[in-house]
Protein chains: 2
Amino acid sequence: MTVEADLISDGHGTLAADLLWRGFDETEWQRCPMKILDNDRWSASFQLKRIGRHAFTIEAWIDRFGGLVKEIIKKWEASVSVDRELIKGIAMVKAVVQHASVCHAGDIAGRLASLPETDLEHRYRILTDPMTIALMRACEERRFLIRSETVYPVDAERKAAGFASWYEIFPRSQSNDPSRHGTFADVIVQLPRIRAMGFDVLYFPPIHPIGRKNRKGRNNAVISGPDDPGSPYAIGAWEGGHDTILPELGTFDDFRKLLNAAEENGLEIALDFAIQCAPDHPWLQEHPEWFDWLPDGSIKYAENPPKKYEDIVNVDFYAGGAMPSLWIALRDIVVFWINLGIRTFRVDNPHTKPLPFWEWLIGDIRARHPEAIFLSEAFTRPKLMYRLAKLGFSQSYTYFTWRNTAPELKNYLVELTTTEPREFFRPHFFVNTPDINPLFLQTSGRAGFLIRAALAATLSGLWGVYNGFELCESQAIPGREEYLDSEKYQIRMWDHERSGNIIKEITTLNRIRRYNPALQNHLGLEFLPVSGDDVLFFEKSNQDRTNVVLVAIGIDPFNRQEVTVELPLRKFGLSDDASLQAEDLVRGVSFTWHGKYQTVAFDPRELPYCIWRVRP
Amino acid sequence: MTVEADLISDGHGTLAADLLWRGFDETEWQRCPMKILDNDRWSASFQLKRIGRHAFTIEAWIDRFGGLVKEIIKKWEASVSVDRELIKGIAMVKAVVQHASVCHAGDIAGRLASLPETDLEHRYRILTDPMTIALMRACEERRFLIRSETVYPVDAERKAAGFASWYEIFPRSQSNDPSRHGTFADVIVQLPRIRAMGFDVLYFPPIHPIGRKNRKGRNNAVISGPDDPGSPYAIGAWEGGHDTILPELGTFDDFRKLLNAAEENGLEIALDFAIQCAPDHPWLQEHPEWFDWLPDGSIKYAENPPKKYEDIVNVDFYAGGAMPSLWIALRDIVVFWINLGIRTFRVDNPHTKPLPFWEWLIGDIRARHPEAIFLSEAFTRPKLMYRLAKLGFSQSYTYFTWRNTAPELKNYLVELTTTEPREFFRPHFFVNTPDINPLFLQTSGRAGFLIRAALAATLSGLWGVYNGFELCESQAIPGREEYLDSEKYQIRMWDHERSGNIIKEITTLNRIRRYNPALQNHLGLEFLPVSGDDVLFFEKSNQDRTNVVLVAIGIDPFNRQEVTVELPLRKFGLSDDASLQAEDLVRGVSFTWHGKYQTVAFDPRELPYCIWRVRP
């Protein structure tokens, strides 16, 4: 963790500063000196030695002795008399040595005691000795000491908070038998297939009992048929609520077996944390004080005009009886699933709940379970999305799904990687979701799926696929960004060998991500010059540039592209006619590029992208 | 004063916000509603009705009624049922009307009383009536009301704080007789000449008694001769200190006569506020507790290595006996000169004095004398200069004197006019000072003086000339940025009709500034495309673009320039082949430019710049 600060003071006094840090639950600060970079900007780094919350702050003061030594050296080297300054300096050291208990103090005291009165050179040597300077920095009274008014929190999270490939399924659709509701046991059968594609996280929409009151029918119909399973987001029925499993999926024992099997397959299960309730959720009876009742004894159903959620009602976080009991109950639901072994939560619509609630809940959970990861599904305005990240969310859905042209993608990535949010906002690039059947994919054919997969997998450390994407599924409700026969309202079967699928390509992308640190977060990105408007050419590198990957993606799914790209030779300190060793990570061939300008061609009917690892 | 803020809240609630402001010495806030611009950015403006300090802050809350009305309108227009929402809205209005004492409340109450139960249209009309909305905004309880933790101060200053042309002289050099020390009476004789050049402010280095101990001789010699007058910056001798006038200059009566004469001539006198003392300043005897004495009973003289000021010692603001007596004494010196009629102070080296001192002194003075202007002579690092501006200084010296090439000038002006400091830092562009004989002018000849005058006079609302500049004086101590035979250490005579002078050109520049608001501050600047590296071409405009000035300046003092410039037709909403009416403000001729590209030529032996007022 590198911390920078602008530090200024009046006068000719020399500033010194320490960076102070500690675990959030510790009381003792550790400290290290800050160094000046340039233009009054200071910097220091500390290592976050464990996951969890840390705190840091800054102290600065006038370094009288350091300033005096600087002056003495300057004058000494210019052969200007420093008699007075040496006397003053020796007196300062003597005063400190008397009371200092640090090592070397005795040593310095001895050298001072035997100091010949007139030996300027000797005095100069003692005062400018790094040991003396270190002693004085440690022990001299710090004049005008000031500490930053703010103690800054910073969360260290486990690697998966920043680097993971997600796959989303509806467990109820996993039976491979259209007449039978899928179970956790059916999901276990799918695990090897999912892991083989290279995914790390398997994410389920809510697995709780589904309300029967106002249950939605197929394709979001307001009236449901007797066999319709309803939307899993309408949580709660007489069987139970957020701490209960839909009986059709299995028991808690079945769920534990699934978690074990997932772990054996190298997959982590992520659950949905969706706070809303079906109108028949037990809470409405047990905790009427958590809801905003209308005078006629009803509750307004949820809506986000023009969308209506007749099968859902919301709790009222600020209702008279909701604080703190509702907040604590919700926190305890998260703890409940953590105790079962869940460590990653995808949070539904966090921006419609109080910001202080999330700040408290995530801080509280992480204090005991620092491994907990929270993904914010806040499809809202940018400043609110960024605020949720500041408050503790590990990662967030983004606008990626709606950024298709080269300028749109570039502008968005430049915002994410070079402006303020780069310090605290981890983007999760989903190529599709049960709610988003992107218009681009509805008309792009297979090439479009390859393009979006390559963009997400190379531009972000976190990318996600909702099942069907790898099969190039794009059937939509006409004119809408929604899937036809959406799994949200019915059980679907998937033919995992459907022809034209892009399973092999996704598998390759995930393999390339795994072996190239440059692709394991969204930073270290630079867009490079390219001759065509429909090709993105960019470099991704890790911090020390030991891993540099170049990516070219044609974003037109219909037309062949042949463009000139400009290799970033200067970033390797090379001249324009130098060579670069390149390894085509998709095809596995190595070759040498000579010179700055190179031609690259794609045919979207084959593969609309190239990925190279390069080195000088 | 326009205030903008990012305001966000969780949930679907509708935000509302007020801007609150008051005079700093008032207790009652005035308020006006903020309006949303875009991307969660809100804005409101208030008028600073008098000079002096004001305060503002922001309140925001969830506007329940406003949000409901928005929802009702949205649904109404989409023909969605709003029966429930109308009932709720009417209930809210009724609850408020009962207790509201504002005008129109009775009117609305009457309309509600006569409301037919089933008349949806009527209900809708009442709820969406601007009068109802205004009533509810004013009287409804403001839920989740929050006020910014910070109360922001803002100073309104008189016009001269931002727009003035300064001229600096040493009064002792104004006798026109090398054998006689100049007096205030001699300065009076010069006033018409100075005013005729178009200057507004006449600034003197310190006018106090000059120390005799360690007095400097000519050209900064450490030993002075018996007739050497010494540096006026070595303030104080047996005759008195900072509240005393050097007897050779005249009496307080003479000084008052000068102030009256200056006012009659349309000139304001600015004095130097230099806190340092000569070793024989009375304070060393009267207030030994204000100084940092060495063990041998001496005081270290001032230095700024490698520069030495043997004739100056500094007070110690943090000495045991200095707080608050020294601080108050210094404040009272400013008050003393204000009571004599001085309203503008050029502050010597403020960055070497405590920042809290300036914050307190300027705040204290301005609370009683809001017309007081403080110019910061802080030639130090940018962040410290900007900090002094934030703390209250009206204006500041800058790096302008050392910015000569086109990229240097552009970068610096872009920083001053488009980054954060544009909100609080007013640059004062001095073309020279008694301390700075710019290297550029030492070799540029007359053309260089014209170039620097035109740059300063058109790029900044504040520009300054130290006398001699208009005579193209540039004789330097070889290899140094200092004047030979500097007036700082000796009395000089000036031949105001010296051949080759640029008095006429400066007069014209000041006249153009006076009649063009676009040139009366440094904002409203845009650099425009030009074909040559040695020509700056820029537009200056006032806020409503009723005054638009184009300036082209050739910055090479030796070579003729002929360049193509691109007129900013698009900024007038004009096409590339449109016409622009132009008035050459230097030559007084008017003409029409046809088309975007125009050729401009300068010969530095004639005039290296052009200034046009343009309109479509």
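Parameters at a glance
- Residues numbered from 1 in each chain as written.
- Chains lettered and ligands numbered in written order.
- Predicted model: local features only at pLDDT ≥ 70, side-chain atom pairs only at ≥ 80, totals over all residues.
- Heavy atoms only, no water.
- Helix = DSSP H or I, 4+ residues; strand = E, 2+ residues; numbered from the N terminus.
- Buried < 20%, exposed > 50% of the residue type's maximum accessible area, 1.4 Å probe, protein only.
- Contact = heavy atoms within 4.5 Å.
- Areas by Shrake-Rupley, 256 points an atom, 1.4 Å probe, with all protein chains shown as cover.
- Lys, Arg positive; Asp, Glu negative; His and termini not counted.
- Charge placed at Lys NZ, Arg CZ, Asp CG, Glu CD.
- Pairing = 2+ DSSP bridges.
- Axes fitted to C-alpha atoms, helices over the stretch in contact; angles between N-to-C directions.
- Buried area = accessible area lost by both parts, 1.4 Å probe.
- Salt bridge = Lys/Arg side-chain N within 4 Å of Asp/Glu carboxyl O.
- Nonpolar A, V, L, I, M, F, W, Y, C, P; charged D, E, K, R; others polar.
- Core = buried A, V, L, I, M, F, W, Y, C linked by side-chain atoms within 4.5 Å.
- Phe/Tyr/Trp six-rings, centres within 6.5 Å; stacked < 30°, edge-to-face > 60°.
- Lys NZ or Arg CZ within 6 Å of the ring centre and 35° of its normal.
- Left-handed = near helix turned anticlockwise from the far one by under 90°.
- Parallel < 35°, antiparallel > 145°, perpendicular 65-115°, else oblique.
- Least-squares fit on C-alpha atoms with pLDDT ≥ 70 in both.
- Right-handed = clockwise from strand over helix to strand, strands pointing away.
- Expected span 1.5 Å × (residues − 1).

**Regarding the overall build of chain A**
Next, step 1: In terms of helices and strands, chain A carries 14 helices and 26 strands.
Next, step 2: By principal-axis analysis of the C-alpha atoms, chain A measures approximately 105 × 70 × 40 Å.
Next, step 3: Classification of the 616 residues of chain A by burial places 56% in the buried group.
Next, step 4: In chain A, of all internal contacts separated by at least 6 residues, the share reaching a separation of at least 24 is 73%.
Next, step 5: Of the roughly 26,700 Å² of accessible surface on chain A, a fraction of 51% belongs to carbon and sulfur atoms.
Next, step 6: Each charge class in chain A can be summarised by its mean position, and for the 71 positive and 83 negative side chains these summaries are 3 Å apart.

**Quick word on the sheet that holds strand S18 (residues 462-466) of chain A**
Two strands in a sheet stick together by hydrogen bonds in their backbones, pointing the same way (parallel) or opposite ways (antiparallel).
Residue and element names in this part refer to chain A.
Next, step 1: An order of S9-S10-S11-S14-S15-S16-S17-S18 is seen for the eight strands of this closed barrel, with the pairing classed as parallel. On average, each strand axis in the sheet is inclined to that of its neighbour by 25 degrees, with strand direction left out of account.
Next, step 2: Pairing geometry for strand S14 (residues 344-348) and strand S15 (residues 373-377), over five bridges, is parallel. Bridge assignment links Phe-345 to a residue of S15, and that residue is Phe-374.

**Details of unusual backbone geometry**
Next, step 1: For the bond from Met-323 of chain A to Pro-324 of chain A, the omega torsion is 5 degrees, close enough to zero to count as cis.
Next, step 2: Along the chain, the position of Pro-324 of chain A falls in the loop between strand S13 (307-313) and helix H9 (325-340).
Next, step 3: The residue Asn-220 of chain B is not glycine, and still its phi comes out positive at about 65 degrees.
Next, step 4: Mapped onto the secondary structure, Asn-220 of chain B falls in the loop between strand S10 (201-203) and helix H7 (252-264).
Next, step 5: Here the phi dihedral of Cys-472 of chain B falls at roughly 65 degrees; this positive angle occurs in a residue that is not glycine.
Next, step 6: With respect to the helices, strands and loops of the structure, Cys-472 of chain B is situated in the loop between strand S18 (462-466) and helix H14 (503-515).

**Examining the interface of chain A and chain B**
Next, step 1: Each partner contributes residues to the interface: chain A has 36 residues there, and chain B has 36 residues.
Next, step 2: Roughly 3,100 Å² is buried in total at the junction of chain A and chain B, and carbon and sulfur atoms are behind 52% of that figure.
Next, step 3: For the pair chain A and chain B, the number of links is ten salt bridges.
Next, step 4: For Glu-71 of chain A, the salt bridge goes to Lys-300 of chain B, with nearest N and O atoms at 3.0 Å.
Next, step 5: Breaking the side of chain A that touches chain B down by element, the ones donating at least two residues are helix H1 (64-77), helix H2 (83-99), strand S12 (301-304), helix H10 (355-368) and helix H11 (382-391) of chain A.
Next, step 6: When residues in the side of chain A that touches chain B are grouped by element, the largest group, four residues, is from H11 of chain A.
Next, step 7: Grouping the constituent residues of the side of chain A that touches chain B by class yields eleven nonpolar, eight polar and 17 charged.

**Some details on the nonpolar core**
Next, step 1: One finds Phe-255, Phe-273, Trp-337 and Phe-374 of chain B to be the most contacted residues of the largest nonpolar core, which totals 108 residues.
Next, step 2: Sort the elements by how many residues they give to this core and helix H13 (residues 439-459) of chain B lands first, with eleven residues.
Next, step 3: In this view, Phe-273 of chain B contacts Leu-330, Ile-333, Val-334, Phe-345, Arg-346, Val-347, Asp-348, Trp-358 and Leu-361 of chain B; residues no more than four positions away in its chain are not counted.
Next, step 4: If you look at the next biggest cluster of nonpolar residues, it comprises 107 residues, including Phe-255, Val-313, Trp-327 and Leu-391 of chain A.

**Side note on the packing of aromatic side chains**
Residue and element names in this part refer to chain B.
Next, step 1: The final tally for this structure, using the stated rule, is 76 aromatic pairs over all chains.
Next, step 2: One Lys or Arg, Arg-53, reaches over the ring of Phe-24 and ends 5.8 Å from the middle of that ring.
Next, step 3: In this structure, Arg-545 is placed above the aromatic ring of Phe-572, and the distance from its NZ or CZ to the ring centre is 4.8 Å.

**A short note on the packing of helix H9 (residues 325-340) of chain B against helix H10 (residues 355-368) of chain B**
Residue and element names in this part refer to chain B.
Next, step 1: Close contact between H9 and H10 brings their axes to 11 Å; oriented N to C, the two are set at 35 degrees. Crossing of H9 against H10: the hand is right-handed. When H9 is examined against H10, the residues Trp-327, Ile-328, Leu-330, Arg-331, Val-334, Val-335 and Ile-338 are found in contact with a partner set consisting of Pro-356, Phe-357, Trp-360, Leu-361, Asp-364, Ile-365 and Arg-368.
Next, step 2: Residue composition of the contact of H9 with H10, by class: eleven nonpolar, no polar and three charged.

**Observations regarding helix H11 (residues 382-391) of chain B**
Residues and elements named next belong to chain B.
Next, step 1: Turning to H11, its buried residues are Leu-384, Met-385, Tyr-386, Leu-388, Ala-389 and Leu-391.
Next, step 2: Where H11 is buried, its residues touch strand S6 (52-62), H10, strand S15 (373-377), strand S16 (395-397) and helix H12 (406-418).
Next, step 3: Of the residues trailing H11, Gly-392 is marked for its positive phi of about 140 degrees.

**Examining the packing of helix H3 (residues 105-113) of chain A against helix H5 (residues 130-139) of chain A**
For any two helices packed against each other, the geometry comes down to the angle between their axes and how far apart the axes lie.
All names here are of chain A.
Next, step 1: It is at 10 Å that the axes of H3 and H5 come closest, and there the two elements cross at 120 degrees. Here H5 runs oblique to H3, going by the angle between their axes. Classified by chirality, the crossing of H5 by H3 is left-handed. Residue-level inspection shows Ala-105, Asp-107 and Ile-108 of H3 in contact with H5, the latter providing Met-131, Thr-132 and Leu-135.
Next, step 2: Counted by class, the contact of H3 with H5 contains four nonpolar, one polar and one charged residues.

**Concerning the relation of the copies chain A and chain B**
Relating one copy of the chain to the other takes a rotation about an axis and a shift parallel to that axis.
Next, step 1: After a rotation of 180 degrees and a shift along the axis of 0.0 Å, chain A superposes on chain B with an RMSD of 0.1 Å. Expressed as an axis order, the relation between the two copies is that of a two-fold axis. It is Glu-149 of chain A whose C-alpha, among those of chain A, lies nearest the rotation axis, at 6.9 Å.
Next, step 2: When the interface residues of chain A are mapped onto chain B, 100% of them are again interface residues, pointing to one common binding face.

**A few points about the pairing of strand S11 (residues 268-273) of chain B**
Residue and element names in this part refer to chain B.
Next, step 1: In terms of residue burial, S11 counts as a mostly covered element, since six of its six residues are buried.
Next, step 2: Because side chains alternate across S11, one face comprises the buried residues Glu-268, Ala-270 and Asp-272, and the other comprises Ile-269, Leu-271 and Phe-273, equally buried.
Next, step 3: Pairing of S10 with S11, which is carried by three bridges, proceeds in the parallel orientation. Paired with Val-201 across the strands is Glu-268, a residue of S11.
Next, step 4: Note that the unit made of S10, H7 and S11 has a crossover that is right-handed.
Next, step 5: Bridging between S11 and strand S14 (residues 344-348) involves four bridges; their strand directions are parallel. Of the residues in S14, the one forming a bridge with Asp-272 is Arg-346.

**Brief notes about helix H2 (residues 83-99) of chain B**
Next, step 1: Its 17 residues give H2 of chain B an end-to-end C-alpha distance of 26 Å, which sits within 8% of 24 Å, the value for a rise of 1.5 Å per residue.
Next, step 2: In this fold, the buried residues of H2 of chain B make contact with S12 of chain A together with helix H1 (64-77), helix H3 (105-113), helix H4 (120-128) and helix H5 (130-139) of chain B.

**Digging into the pattern of salt bridges**
Residues and elements named next belong to chain A.
Next, step 1: Under the counting rule described, the total for this entry stands at 107 salt bridges over all chains.
Next, step 2: Asp-228 serves as the salt-bridge partner of Arg-218, at 3.6 Å between the closest nitrogen and oxygen. Of the two residues, Arg-218 is situated in the loop between strand S10 (201-203) and helix H7 (252-264) and Asp-228 in the loop between S10 and H7; the sequence distance between them amounts to ten residues.
Next, step 3: Overall, the relative accessible area of 48% leaves Arg-218 in the partly exposed class.
Next, step 4: You can call Asp-228 buried: its relative accessible area is 11%.

**Comments concerning the side chain of Glu-487 of chain A**
Residues and elements named next belong to chain A.
Next, step 1: One can find Glu-487 in the loop between S18 and helix H14 (503-515).
Next, step 2: Summary of buried charges: Glu-487 has no salt-bridge partner, and the nearest side chain of opposite charge, Arg-492, is 6.4 Å away.
Next, step 3: Each residue touching Glu-487, except ones within four places of it in the same chain, is listed here: Phe-170, Arg-172, Ser-173, Tyr-466, Asn-467, Arg-492 and Trp-494.

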